[in-house]
Amino acid sequence: MIEKALRFGLSSETSKLLNQRCKTLNHLKQIHAHLLTLPSTGNTAAAFLSFAATSANPAFFSYASIIFQNLRPRTTFLYNTMIRGYMKFNQPSNAILCYKDMLKDGLIKNNYTFTPLIKACSLLLPEFGYLGLSVHAHVVKLGFVCDPFIASALIEFYALNLDMRTAEELFDEIPVRDVVLWTAMVVGYGKMGDIVRARELFDEMPERNVISWSSIMAAYSRVSDFREVLFLYRRMEESGLKPNESILVTTLTACAHLGALAQGLWIHSYAEKCNYISNPILATALVDMYSKCGCVSLALTVFESIPNKDNRAWNAVISGVALNGDAMNALQLFDEMIISGTQPTEATFVAILSACTHAKMVEKGISLFEKMAEVYKIEPKMEHYACVVDLFARSGEIEKAVKFVDENIGRIGDGDVNVWGALLGACRIYGKVDVGHKLWRKIADKGDVDYGIQVLAYNMYRESGWESEAKRVRRLIEKRRMKKKPGCSVIEIDGVVEEFVAGDILHPMGGDLCQILDSLLSDEHSN
């Protein structure tokens with residue numbers, strides 16, 4: 001029955017039959033051996049190879065590769081099949097080598113050849129960007145540049161290569177643009193951080209699908225405009241489209257940053273209704289959202305329901321517990337992570353060192369820091385050094401913190417703002433002005449000093465009575481015309497997030513808000 005079906009190519013019915021009958025590599029080999037005993041036909045060989053190369057079983061694809069290497073003559077269909085297979089199993093280099101063999105054989109390329117091939121070039125950026133340019137030249141020469149799928153792949157290639165000018169030229173040359181092309185442009189500008197152009201294109205789209213909405217929401221999430229993410233989510237719901245898992249993850253990330261618990265709860269309910277909760281990325285986003293909204297028990301409940309916990313899930317729950325001040329539980333979760341066989345990452349140690357810092361567990365924190373490289377083979381980065389400096393500083397061990405900086409980070413001006421902020425803040429709190437003064441002079445000599453660091457130095461001098469030094473820092477701030485970033489607060493009412501920024505006079509209810517504040521202040525003074 002199988003051989004008869006294969007003679008007519010790999011139809012959906014034939015593929016279904018093979019999937020039912022062919023469960024293991026031995027089954028595949030038996031079918032292949034049987035086909036070899038039959039009179040040879042091109043359709044049979046092509047259909048069999050196509051099934052093996054595009055199945056979900058890596059062993060089947062490896063077997064297909066062996067057959068292909070020894071198969072003569074080869075056809076355009078067989079080459080296209082193998083290029084697709086190489087891309088399916090994340091082997092872009094082999095896909096390109098396969099195309100080069102196709103060129104050597106002098107075979108005619110068609111529109112099915114180039115879409116996976118261009119995606120292979122995209123995956124090999126930036127080292128092999130010239131390959132994509134060569135393939136683009138072939139596309140133009142053969143007249144396939146107006147194919148929407150090929151054009152979309154080319155736009156994605158140039159977007160990943162940060163060349164949106166060429167992508168825009170391609171887009172403008174295509175007379176009929178479908179939703180795939182429009183979305184590719186939105187994705188490209190979104191990844192470059194040009195949110196204005198991405199939004200312009202999104203608003204111009206004649207039609208939008210769920211991928212289009214996902215792309216624009218991801219673009220706003222990248223620039224941390226989380227309020228707009230929630231606004232777009234509501235607009236998408238009003239349009240009648242159902243969100244996919246990617247959109248729910250992006251929206252949960254926005255909820256986590258804004259503290260929009262009501263919206264997050266609704267998304268959790270929707271995800272369970274649609275059976276999306278089995279997606280580990282979405283489940284991890286839920287853990288992060290509940291943690292940042294202060295609902296640690298809910299975060300732990302979701303975490304425990306994840307069947308195969310990867311390091312991202314562990315990092316989310318450890319960070320969440322640490323963020324909410326439960327250092328002991330964070331350390332216990334870290335131990336459970338190690339026992340489970342999950343390899344910790346750089347983010348794991350930032351979370352666990354921060355937990356030790358807030359609990360002033362100096363010895364435990366230093367022990368974990370030393371194990372990073374020795375036991376877990378993770379080279380500490382600047383954020384880990386900053387955590388250790390903060391650990392010493394918050395415990396009042398300023399001299400040890402300074403010594404740690406000198407021994408591990410090098411020259412005092414080479415670290416990031418978190419290190420110096422932690423040290424100066426501790427010098428101010430514990431009255432170690434002499435140490436803070438030396439530190440400030442070294443930082444100031446570097447030239448490019450962060451506003452927050454200067455304010456810390458000013459407050460340290462002023463509170464300790466070092467008036468001349470405080471005035472000197474104040475003049476420096478005024479000379480450079482530095483301004484503090486306005487503070488803001490966020491509140492969620494009836495599922496809608498409102499943001500209030502210090503000094504903002506453009507809020508539509510700004511006048512009413514000021515009147516209420518004035519009345520509250522007058523009542524306080526009268527009492």
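Residues numbered from 1 in each chain as written. Predicted model: local features only at pLDDT ≥ 70, side-chain atom pairs only at ≥ 80, totals over all residues. Heavy atoms only, no water.

### Considerations on the overall build of the protein
- A count of helical and extended segments in the protein gives 30 helices and two strands.
- Considering the protein as a whole, with its 527 residues, one finds that 45% of them fall into the buried category.
- Taking the intrachain contacts of the protein between residues at least 6 apart in sequence as the baseline, contacts between residues at least 24 apart amount to 58%.
- Put simply, the protein shows about 27,600 Å² of open surface, and 54% of that area lies on carbon and sulfur atoms. (Helix = DSSP H or I, 4+ residues; strand = E, 2+ residues; numbered from the N terminus. Buried < 20%, exposed > 50% of the residue type's maximum accessible area, 1.4 Å probe, protein only. Contact = heavy atoms within 4.5 Å. Areas by Shrake-Rupley, 256 points an atom, 1.4 Å probe, with all protein chains shown as cover.)

### Section: the packing of aromatic side chains
- A complete count under the given rule lists 19 aromatic pairs for this structure.
- Here Tyr 99 and Phe 114 contribute two aromatic rings whose centre-to-centre distance is 6.0 Å and whose plane-to-plane angle is 65°, an arrangement assigned as edge-to-face. Of this pair, Tyr 99 sits in helix H7 (residues 92–104) while Phe 114 sits in helix H8 (residues 111–123); the two residues are 15 residues apart in sequence, bridging distant segments of the chain. Phe 114 carries the same exposure label as Tyr 99, and that label is buried.
- A centroid spacing of 5.4 Å and a plane angle of 10° characterise the contact between Trp 266 and Tyr 270, whose relative ring orientation is stacked. A residue pair is termed a helical-turn pair when its members lie 3 or 4 positions apart in one helix, as Trp 266 and Tyr 270 do in helix H17 (residues 261–273) at four residues. (Phe/Tyr/Trp six-rings, centres within 6.5 Å; stacked < 30°, edge-to-face > 60°.)

### So, helix H12 (residues 179–192)
- For H12, built from 14 residues, the straight-helix expectation of 20 Å at 1.5 Å per residue is met to within 8% by its first-to-last C-alpha distance of 20 Å.
- Among the 14 residues that make up H12, ten are buried, leaving the element largely enclosed by the rest of the structure.
- Taken together, the buried positions of H12 are occupied by Val 179, Leu 181, Trp 182, Thr 183, Ala 184, Met 185, Val 186, Gly 188, Tyr 189 and Gly 190.
- Looking at the buried residues of H12, the elements they touch are helix H10 (148–160), helix H11 (164–173), helix H13 (195–204) and helix H14 (210–222). (Expected span 1.5 Å × (residues − 1).)

### So, a nonpolar patch on the surface
- A surface patch of nonpolar side chains, about 310 Å² in accessible area, is lined by Phe 128, Tyr 130 and Leu 133.
- Relative to the assigned elements, Tyr 130 resides in helix H9 (residues 129–142). (Patch = residues over 30% accessible without salt bridge, like charges linked within 9 Å, V, L, I, M, F, W, Y side chains within 5 Å. Salt bridge = Lys/Arg side-chain N within 4 Å of Asp/Glu carboxyl O.)

### Some points on the packing of H17 against helix H18 (residues 280–292)
- One can describe the packing of H17 onto H18 by two numbers: an axis separation of 11 Å at closest approach and a directional angle of 155°. On the basis of the axis angle, H17 is roughly antiparallel to H18. By crossing handedness, the relation of H17 to H18 is classed as left-handed. Across from Leu 261, Gly 264, Leu 265, His 268 and Ala 271 in H17, the residues of H18 making contact are Leu 282, Leu 286, Met 289 and Tyr 290.
- Grouping the amino acids of the contact of H17 with H18 by side-chain chemistry returns seven nonpolar, two polar and no charged. (Axes fitted to C-alpha atoms, helices over the stretch in contact; angles between N-to-C directions. Parallel < 35°, antiparallel > 145°, perpendicular 65-115°, else oblique. Left-handed = near helix turned anticlockwise from the far one by under 90°. Nonpolar A, V, L, I, M, F, W, Y, C, P; charged D, E, K, R; others polar.)

### Comments concerning helix H20 (residues 311–323)
- The terminal C-alpha atoms of H20, which comprises 13 residues, lie 18 Å apart, in line with the 18 Å expected from a rise of 1.5 Å per residue.
- If you follow the buried residues of H20, they end up packed against H18, helix H19 (296–305), helix H21 (327–339) and helix H22 (346–358).

### A few points about the pattern of salt bridges
- Here the structure, examined in full by the defined rule, presents 15 salt bridges.
- The partner of Glu 407 in a salt bridge is Lys 403, and the shortest N-O contact between them spans 4.0 Å. Taken as a pair, Glu 407 and Lys 403 lie in helix H25 (residues 398–408) at a separation of four residues, close to a single helical turn.
- By sharing partners, the salt bridges in this structure join Glu 168, Arg 197 and Glu 200 into a single network.

### A short note on the environment of Glu 207
- Relative to the assigned elements, Glu 207 resides in the loop between H13 and H14.
- Judged by relative accessible area, Glu 207 falls into the exposed class, the value being 51%.
- Put simply, Glu 207 and Asp 178 are 29 residues apart on the chain and 8.4 Å apart in space, counted from C-alpha to C-alpha.

### Some points on unusual backbone geometry
- Along the chain, Arg 72 connects to Pro 73 via a cis peptide bond; the corresponding omega equals -5°.
- Considering the arrangement of structural elements, one finds Pro 73 in the loop between helix H5 (58–69) and helix H6 (76–88).
- Although it is not a glycine, Asn 90 sits at a positive phi angle of roughly 55°.
- Relative to the helices and strands, Asn 90 is located in the loop between H6 and H7.
- On the basis of relative accessible area, Asn 90 is assigned to the exposed category, the value being 58%.
- The backbone of Asn 275 sits at a positive phi, close to 65°, despite the residue not being glycine.

### A closer look at the side chain of Thr 251
- In this fold, Thr 251 is placed in helix H16 (residues 245–258).
- Using a relative accessible area of 0% as the deciding quantity, one classes Thr 251 as buried.
- If sequence neighbours within four positions are ignored, Thr 251 has contacts with Met 217, Val 229, Leu 230, Tyr 233 and Ile 267.

### Quick word on the packing of helix H15 (residues 226–238) against H16
- Remark: H15 packs on H16, axes separated minimally by 9 Å, with the N-to-C direction vectors making an angle of 135°. Relative to H16, the element H15 is oriented oblique. H15 and H16 meet at a crossing whose hand is left-handed. Every residue of H16 that contacts H15 at Phe 226, Arg 227, Val 229, Leu 230, Tyr 233 and Met 236 is listed here: Ile 247, Leu 248, Thr 250, Thr 251, Thr 253, Ala 254, Cys 255, His 257 and Leu 258.
- Along the lines of polarity and charge, the residues of the contact of H15 with H16 split into ten nonpolar, four polar and one charged.

### A look at the state of the cysteines
- Counted by the stated rule, this structure contains zero disulfides.
- Sulfur of Cys 295: no disulfide; nearest cysteine sulfur belongs to Cys 293 and is 6.2 Å away.
- Overall, the relative accessible area of 18% leaves Cys 295 in the buried class. (Disulfide = S-S within 2.5 Å.)

### A look at the confidence of the model for the protein
- Per-residue confidence for the protein gives a mean pLDDT of 85; residues scoring 70 or more make up 85%.
- Within the protein, the element-level pLDDT minimum falls on helix H1 (residues 2–6), averaging 47, and the maximum on H14, averaging 97.
- In the model, residues 1–11 has pLDDT below 50 throughout and makes 31 contacts with residues more than four positions away in sequence or in other chains. (pLDDT = per-residue confidence, 0-100.)

### Structural notes on the environment of Tyr 189
- Its location among the elements puts Tyr 189 in helix H12.
- Here Tyr 189 is in contact with Met 164, Glu 168, Asp 194, Arg 197, Ala 198 and Leu 201, once residues within four sequence places are set aside.

### Examining the environment of Phe 114
- A relative accessible area of 0% places Phe 114 in the buried class.
- Here the alpha-carbon distance between Phe 114 and His 136, two residues 22 residues apart in the chain, equals 8.9 Å.
- In this view, Phe 114 contacts Tyr 99, Lys 109, Val 135, His 138, Val 139, Leu 142, Phe 144 and Ile 150; residues no more than four positions away in its chain are not counted.

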